[in-house]
Protein chains: 2
Amino acid sequence: MSQAQAEPEHGVTVVFVELPNTKVELLEPLGEKSPIAAFLEKNPSGGIHHMCFEVEDIMTARDRMIRQGARVLGEGEPKIGAHGKPVLFLHPKDFCGTLVELEQV
Amino acid sequence: MSQAQAEPEHGVTVVFVELPNTKVELLEPLGEKSPIAAFLEKNPSGGIHHMCFEVEDIMTARDRMIRQGARVLGEGEPKIGAHGKPVLFLHPKDFCGTLVELEQV
């Protein structure tokens, strides 16, 4: 388990729990405009916020998702995520209510 | 991606999406008393229902969780899950709102 890591640009504090084949990211809102504040209002006890899939090339993966009808959140361009790698998010309505993150490894 | 598989004892129809290091389980209610019906009422667009962690010995894992204060759902004894292996569920209130399944591999 990692130390708590403040990510002011992302409005969260994170702790990573490393498992042999995956990683659990614990998230806590940071600051007044945290992007996870609305989630906690809707789910006061907490919950599973999103799933992240690692991809080799985020632009290829993004364009493939778009061709299949998925919407990219925000400007549609990758940002640098908590691991210092490019990430983007796909619209939950296009994935049966699941917020999906893609991260380039 | 697997074929859809009816699991009448569990009240769900499942499809498994196999990834190199994990598996995504798509769930649909089956029958009138499906245990996931309430989840869909609360989340009409769908959502992430639970996370499953594989363990080597489910009784050891269960007792360790209990010692740490987690509650086991139901009778507290493992049942046979969709993969034909022993599973049990832990109370979401003890995991920040996340329903946790343990599966013996």
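Our subject is the structure that appears above.
The rules we used
- Residues numbered from 1 in each chain as written.
- Chains lettered and ligands numbered in written order.
- Predicted model: local features only at pLDDT ≥ 70, side-chain atom pairs only at ≥ 80, totals over all residues.
- Heavy atoms only, no water.
- Phe/Tyr/Trp six-rings, centres within 6.5 Å; stacked < 30°, edge-to-face > 60°.
- Lys NZ or Arg CZ within 6 Å of the ring centre and 35° of its normal.
- Salt bridge = Lys/Arg side-chain N within 4 Å of Asp/Glu carboxyl O.
- Buried < 20%, exposed > 50% of the residue type's maximum accessible area, 1.4 Å probe, protein only.
- Helix = DSSP H or I, 4+ residues; strand = E, 2+ residues; numbered from the N terminus.

Chemist: Any details on the packing of aromatic side chains? Residues and values, ideally.
Modeler: If you walk through the whole model with that rule in mind, you get zero aromatic pairs over all chains. It is Lys23 of chain A that lies over the ring of Phe16 of chain A; its NZ or CZ is 5.3 Å from the centre.

Chemist: How would you summarise the pattern of salt bridges if you had to cite specific residues and measurements?
Modeler: In a structure, side chains of opposite charge can pair up when their charged atoms sit close to one another. Going through the model one piece at a time under the given rule, you end up with eight salt bridges over all chains. Among the salt bridges present, the one from Lys23 of chain B reaches Glu18 of chain B, with a minimum N-O distance of 3.8 Å. You can call Lys23 of chain B partly exposed: its relative accessible area is 35%. With a closest N to O distance of 3.2 Å, Glu77 of chain B and Arg62 of chain B form a salt bridge. A residue pair is termed long-range when its members are at least 10 positions apart, and Glu77 of chain B in the loop between helix 2 (58–67) and strand 5 (79–80) and Arg62 of chain B in helix 2 qualify at 15 residues. What makes Glu77 of chain B partly exposed here is its relative accessible area of 46%. Salt bridges sharing common partners tie together Arg62, Asp63 and Glu77 of chain A.

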